[in-house]
Amino acid sequence: MPDHRPKRRIHLSKLYTFSCGRSSLQTEDSLPIGGPGFSRTVYCNEPEKHQETPYRPNYVSTTKYNLATFFPKALFEQFRRVANIYFLFAAALSLTPLAPFSASSLIAPLVFVVGVSMIKEGIEDWHRFLQDKEVNNRTVKVHAKVGNFVETEWKNLMVGDVVRVEKDAFFPADLLLLSSSYEDGVCYVETMNLDGETNLKLKQALKPTTKLHNNESFESFKAFIKCEDPNPNLYTFVGSMDYEGQTYPLSSQQILLRDSKLRNTEYIYGVIIFSGHDTKVMQNTTDPPSKRSGIERKMDKIIYFLFSMLVLIALVGSIAFGVKTRDDMPDWWYLRPDDANAYFNPDNPALAAFLHFVTALILYGYLIPISLYVSIEIVKVAQSMFINKDQQMYYAETDKPAQARTSNLNEELGQVDTILSDKTGTLTCNSMEFLKCSIAGTAYGQGMTEVERAMAERLGKDAVELQNLSFEDNDINDQVGTEMEIKPHIKGFNFRDKRLMNGHWQQEPHADVIRMFFRILAICQTAIPEEDEETGNVSYEAESPDEAAFVVAARELGFEFFKRTQTSVMLHEPGPTLDQVESEYRILNVLEFNSARKRMSVIVRNEEDRLFLFCKGADSVIFERLSKKQGREFGEATRTHISKYADAGLRTLAIAYRELDEEEYRVWNEEFMEAMNTVSADRDAKMDAVTDKIEKELILVGATAVEDKLQKGVPQCIDKLAQAGIKIWVLTGDKLETAINIGFACSFLRQGMKQILITLDTPEINVVEAQGDKEAISKVSRESVRKQISDGHMQVSSVRGNDDVFALIIDGKSLAYALEKEIKEKFLSVAIGCASVICCRVSPKQKALVTRLVKEGTGKTTLAIGDGANDVGMLQEADIGVGISGVEGMQAVMASDFAIAQFCFLERLLLVHGHWCYRRITTMLLHWECLSKMYLHVSAYSFHFCIRKDYRISSSVGLGFLAGCLMGFVVLPLFSFSLQASLSIRHFDMVVKFQVWRSLEQPCILALSGQ
């Protein structure tokens, strides 16, 4: 088979050494492979060897039921309803002589009601089955011996199979990457379905397997893998591979996860390690919790009340019947009391009374509204159709309509009290633009953020006036003016400042520092340049939107990264005479960014044979690694600028570098390679310890500031929801200052709000942390949080009844203590007294814990909204989970109850559909109540008659009466529902302003409770 590799051949085998080991393992005894949790073995290209200890097949199912479990599971769900349990009891008694009418008149309606509900459950689950079937029947090329690859359905794949995945296809299972269309075995993966991120991730095969570049190469391929057992951790992998007599360490860099997609790579070859429900994405799935609406729970209470009334009526009637049987039956000679059966035996009136009691429970059973459940089910299905077909919640750009994934919670949308929202990707677009920067202690960039526009409105200033202000008073405008050359908008670049544009930066006082700043932006990255053959323009495929914005900014300001080779990057950068020159920088090591390190570094050698370490990362991490002698020259000014950028809602990174000594680098590189080739659970910790040794004595050059744009309509939506009395909590990983200013831009923080700030970033706490005593830090931090919460509680309590509105802002460290058992109740008391709450630097687990606290602590309806896998716990914990659907399906959507494409659609979902659904359901319940009271009068007459005579209803009368009740209880309410249009959409603003949709709750509930 010919080799169809792209002409542009990039070798990154040495570039990505942070994640990919090259040398063989040193000792086998130190490894956890084969121990508990690390016992999986895979025979590559020999799937038949796994038949003795078979692994799970690659068939996956996300359905709630299957053929074997449908009836028991569905019946269990139906008999969670109190009314159904009663009718099951009554239907069982109807088979005995105690029944006042035929068994069919009780069994038939029970079967009908339960059957309709089960059919609805079955139809919804059938749609899930069809989705599973479509996935399981996808095809991929599998090695079928002798170098031939044949199309095979996903469901037939086995562990050990070698597969070939083409460009833009999903991976059918968890694969070990063997090779790709690139010579050094790299490929690009989109993990949107896993974590909601649209940026591409770079994966790389081990160097020994990169030679397997065509189908024929696998004819004799054999390898043996030992690795960890199936687990839900998406971001780590520990294992080793024996190949050609050598043992090689494996990491997450070589793993391609199921449901991620191959991008910008023609093809890859991989071997299946985990299949089906053993894959990491399936290990992360959980059975969705069974959620019930408030109306349904309230109906259960009403059923209890009605059942109590039924028992009371039957009990009083039975006692009266027993007394009359004992006292009067002997005088009724014409009834032959000497030959009476147990029902009328004057010698045993207690038994007669008991039998009459059981008969009465069945006779008056129509007080329990079995038909009401059918009506509600049909109404909810129709409401879900209205939501799904609403064109005003259709997002044309991604062709995504709103989707009601369950019909059980429609009316709850109109009763939401608290919204808990993610920020990035939910309120914002996750699309970064380079807007401002600080270099050598000087602030550059005159762009205006959405936060600054909101600040201008709060301060009563004109937005254009604020546009002309700079962080250095107003002298920038005096120097360079405000008129800028109009250019077409460039994605990722919204920077405007004449002092740096068009090569003017060389006239600045610290031109050498500016040169180093943009050089670092162009080199300290892992992006891949793509050149358009027609126009010659260079675009970039980067691992994150921030990184793409940095290389675009460097290119626009004269430092164009245009080529990557096996061990180097190539730049076009300004030379001494302002002419563009081509420069080559050899990449020796890349120390990757992760959430623990909060920084990224590259070690390069320039054309003058000098060694440099370029570093970018969070300011808190970079500043503690600066050289005390010469690294802090611009420290104070840069800190001030970073603080102001955060106030403007921008995301910031500090930029630094250092020059390395040859001997120092040689010694460090040996330690680094040794740590990198360790195959154990503490591999990452060892590597972090080694990287700390080289990432020190840095020289600060500046900081970047990029803006994450808000989604369209977010401020207006939040403003409407706040006017409707809904409390809004934002749970974000951003810094406190950034989150506060995004809050103002989004309108969930408003002018006039009093802020209650709970943070552990105080001088007292910093002093204790510097001592390093963990117990002391924990004790002092806990007391500090407790005191701040108590102070906030006093503030909120002292102004109750006034017009003051509060906003609570708390950081992640403080939140960890605030969620402890002794403090969380007071924390919740403060939070529910505030109109808005912002939790910063929170983890996915903390999101779920906060949601649970609000739901259980307030007892009111909570709604969680998010877009990524880290929001799944929050969505499942809330009463209602709403997923933001992007270009592809995401885990947040799959775990949600409702799915919308944009946050702004939440306004219509809650305030229009929520109002309509609740109004229609409660109106139908009131309709049922009127009819039930009519039937109660009929039952009372029957009760009065039964005290005096043996009253036994014939089958025809019973069935006729039942048919009439079903007509009145089912058909008429549905007919009423179909005619009722509720409030017009044109009066939607009036609904929000006067909170009509919420005020409807009280009269409905009062009527249902008989008050």
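Residues numbered from 1 in each chain as written. Predicted model: local features only at pLDDT ≥ 70, side-chain atom pairs only at ≥ 80, totals over all residues. Heavy atoms only, no water.

Visitor: If you had to explain the overall build of the protein chain to someone new, which residues and values would you point to?
Guide: Along the protein chain, the regular secondary structure elements total 31 helices and 33 strands. Out of the 1011 residues in the protein chain, the part that is buried amounts to 55%. For the protein chain, the computed accessible surface area is about 44300 Å², with 55% contributed by carbon and sulfur atoms. (Helix = DSSP H or I, 4+ residues; strand = E, 2+ residues; numbered from the N terminus. Buried < 20%, exposed > 50% of the residue type's maximum accessible area, 1.4 Å probe, protein only. Areas by Shrake-Rupley, 256 points an atom, 1.4 Å probe, with all protein chains shown as cover.)

Visitor: I'd like a rundown of the packing of helix α2 (residues 82–93) against helix α3 (residues 104–136), residues and numbers included.
Guide: Contact geometry for α2 and α3: axes closest at 9 Å, N-to-C directions at 145 degrees. Both α2 and α3 take part in a crossing whose hand is left-handed. Residue-level inspection shows Asn84, Phe87, Leu88, Ala90 and Ala91 of α2 in contact with α3, the latter providing Leu106, Ile107, Leu110, Val113 and Val114. Of the residues contributing to the contact of α2 with α3, the split by class is nine nonpolar, one polar and no charged. (Axes fitted to C-alpha atoms, helices over the stretch in contact; angles between N-to-C directions. Left-handed = near helix turned anticlockwise from the far one by under 90°. Contact = heavy atoms within 4.5 Å. Nonpolar A, V, L, I, M, F, W, Y, C, P; charged D, E, K, R; others polar.)

Visitor: Would you mind going over helix α18 (residues 714–723) in detail, with residue names and values included?
Guide: Listed in full, the buried residues belonging to α18 are Val714, Pro715, Cys717, Ile718 and Leu721. End-on view of α18: buried residues confined to an arc of 165 degrees, all on one side of the axis. Downstream of α18 by one or two residues, Gly725 has phi in the positive range, about 90 degrees. (Arc of directions from axis to C-beta.)

Visitor: Describe unusual backbone geometry, with residues and values.
Guide: Unlike most non-glycine residues, Asn45 shows phi in positive territory, near 70 degrees. Along the chain, Asn45 turns up in the loop between β1 (40–44) and α1 (70–78). Its relative accessible area of 3% is what places Asn45 among the buried residues. We note that Glu697 has phi near 55 degrees; this positive angle belongs to a residue other than glycine. The residue Glu697 is located in the loop between α17 (683–694) and β26 (699–710) in this model.

Visitor: Could you give an account of the confidence of the model for the protein chain, with specific residues and numbers?
Guide: When pLDDT is averaged across the protein chain, the result is 78; 79% of the residues are at 70 or more. Low pLDDT (under 50) marks residues 1–35, which in the prediction has 112 contacts with non-local residues, meaning those over four places away or in another chain. Below a pLDDT of 50 lies the segment residues 946–959, which in the model reaches 23 contacts outside its immediate sequence neighbourhood of four places, other chains included. (pLDDT = per-residue confidence, 0-100.)

Visitor: Describe the sheet that holds strand β12 (residues 261–263), with residues and values.
Guide: Overall, antiparallel pairing links the three strands, which are arranged β7-β6-β12 in an open sheet. Of all strands in the sheet, those bounded by a partner on one side alone are β7 (200–204) and β12. Each adjacent strand pair in this sheet contributes to an overall mean axis angle of 45 degrees, direction not counted. (Pairing = 2+ DSSP bridges.)

Visitor: Quick one: what's the story with the nonpolar core, residue by residue and with numbers?
Guide: Counting residues in each nonpolar core, the largest one holds 54 residues, and the members touching the most others are Phe434, Ile439, Leu500, Phe518, Ile523 and Phe614. Considering every element that reaches this core, the biggest residue donor is helix α12 (residues 511–523), with 10 residues. Residues in contact with Phe434, not counting those within four places in the same chain, are Gly492, Phe493, Asn494, Phe495, Leu521, Ala549, Phe550, Ala553, Thr704, Ala705 and Val706. Ile728, Ile880, Phe905 and Leu906 belong to the second largest nonpolar core, which has 47 residues in total. (Core = buried A, V, L, I, M, F, W, Y, C linked by side-chain atoms within 4.5 Å.)

Visitor: How would you sum up the side chain of Asp811? Please name residues and give values.
Guide: If you trace the backbone, Asp811 turns up in the loop between β29 (806–810) and α22 (812–818). Although Asp811 lies buried, it forms no salt bridge, and the closest oppositely charged side chain, Lys813, sits 7.3 Å away as judged by the N-O distance. A polar contact is formed between the side chain of Asp811 and the side chain of Thr759, at a distance of 2.6 Å. When near neighbours in sequence (up to four residues on either side) are disregarded, Asp811 contacts Leu736, Ile758, Thr759, Leu760, Asp761 and Cys840. (Lys, Arg positive; Asp, Glu negative; His and termini not counted. Salt bridge = Lys/Arg side-chain N within 4 Å of Asp/Glu carboxyl O. Polar contact = N/O pair within 3.5 Å; in protein donor to acceptor, adjacent residues only side chain to side chain.)

Visitor: Which residues make up a nonpolar patch on the surface, and what values do they have?
Guide: On the surface, Phe305, Met309, Leu312 and Val316 cluster together to form a nonpolar patch covering roughly 360 Å² of accessible area. Tracing the sequence through the fold places Phe305 in helix α6 (residues 294–328). (Patch = residues over 30% accessible without salt bridge, like charges linked within 9 Å, V, L, I, M, F, W, Y side chains within 5 Å.)

Visitor: Please provide a residue-by-residue account of the packing of aromatic side chains, values included.
Guide: What the rule picks out here adds up to 22 aromatic pairs. For the pair Phe493 and Phe495, a centre-to-centre distance of 6.2 Å together with 40 degrees between the ring planes defines the contact as tilted. Judged by its relative accessible area of 3%, Phe493 falls in the buried class. Taken together through their ring pairs, the aromatic side chains of Phe149, Phe218, Phe221, Tyr243, Tyr267 and Tyr269 make up a single cluster. Over the aromatic face of Tyr55 sits the side chain of Arg40, whose NZ or CZ is 3.9 Å from the ring centroid. The aromatic ring of Phe623 is capped on one face by Arg639, whose charged end is 4.2 Å from the ring centroid. (Phe/Tyr/Trp six-rings, centres within 6.5 Å; stacked < 30°, edge-to-face > 60°. Lys NZ or Arg CZ within 6 Å of the ring centre and 35° of its normal.)

Visitor: Pulling in residues and values, what's your account of a negative patch on the surface?
Guide: A contiguous patch of negative charge, built from Glu531, Asp532, Glu533 and Glu534, is present on the exposed surface. Structurally, Glu534 is set in the loop between β18 (528–531) and β19 (538–541). (Charge placed at Lys NZ, Arg CZ, Asp CG, Glu CD.)

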